[in-house]
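# Structural features, examined
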Amino acid sequence: MFFDFMKQLIATARKYGPAARDGAMFRTLYHAGLRSEGASLLEWPDLHFTRGPFGKLHVRFGKGAHTSGPRPRWVPMLDGLDLVLRFLEDVRPKFPESPLLFADESGGSLNRGTIRNRLRYLMQLEGSLQPSWFSPNALRRACATHNYERGVDLRACRTWALSCPR
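Residues numbered from 1 in each chain as written. Predicted model: local features only at pLDDT ≥ 70, side-chain atom pairs only at ≥ 80, totals over all residues. Heavy atoms only, no water.

### A look at the pairing of strand 2 (residues 56–59)
Under the convention used in this document: Being paired, for any two strands, means DSSP has found at least two bridges between them. Runs of H or I in DSSP of at least four residues are treated as helices and runs of E of at least two as strands, each being numbered from the N terminus.
Strand direction decides the pairing type here: strand 1 (residues 47–48) and strand 2, joined by 2 bridges, are antiparallel. Bridge pairing links His 48 to Lys 56 in strand 2. The sheet contact formed by strand 2 and strand 3 (residues 73–76) spans 4 bridges and is antiparallel. Paired with Val 59 across the two strands is Arg 73, which belongs to strand 3.

### Let's talk about the packing of aromatic side chains
What counts, and what does not: Only centres within 6.5 Å qualify two rings of Phe, Tyr or Trp (six-membered ring in Trp) as a pair; their planes then separate them into stacked at under 30 degrees, edge-to-face at over 60, and tilted for everything else. For every residue, the accessible area obtained with a 1.4 Å probe (protein chains only) is divided by the maximum for its type, and the residue is called buried under 20%, exposed over 50%, and partly exposed between those limits.
With the rule as written, the count across this model stands at 4 aromatic pairs. Relative to Phe 3, the ring of Phe 2 lies with its centre 5.5 Å away and its plane at 70 degrees, an arrangement referred to as edge-to-face. With respect to class, Phe 2 is no different from Phe 3; both count as buried. With centroids separated by 6.2 Å and ring planes inclined at 70 degrees, the aromatic side chains of Phe 2 and Phe 26 adopt a geometry described as edge-to-face.

### Section: the sheet that holds strand 3
An order of 1-2-3 is seen for the 3 strands of this open sheet, with the pairing classed as antiparallel. On the outer flanks of this sheet lie strand 1 and strand 3, each paired with one strand and no other.

### Brief notes about helix 2 (residues 16–32)
Operational definition: The span one expects for a helix is its residue count, reduced by one, times 1.5 Å.
Taking 1.5 Å as the rise per residue, helix 2 with 17 residues should run 24 Å; its terminal C-alpha atoms sit 24 Å apart, in good agreement. The first or second residue beyond helix 2 is Gly 33, which carries a positive phi of 70 degrees.

What follows is the structure in structure tokens.
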């Protein structure tokens, strides 16, 4: 229901650019299972539409273990995520020039707190009751659950998270 609301919001938004960016960003969190911080640091060169059957995202700033630093990895663009990210090519010129995929209105990167607060604001705007609200991390867990229900081997999901050519 949330993504249906986002489609309506994008179509009627006073500021089309931020609404479309938010819709694409939350779909990316949901379909790729990214953390909000990793998504906020994605850049255009991180999109590889020709890699594999669906294309892949190169997440250069994935969460690493304690003190190990960022752990890069490749994430497949499943469930039409490639179409969502191609849609951003039309939206991105509405923001200042920046290599970031999901830039704020000044061209800088979005803070993970800003992403969380923006999601909360959108759920409030949608009119959903507070007990049914979810976080950006809940979108990540939903991705893992849907992949498991689809029959994706959990070890394969872990391999996506750990494998990145160096």
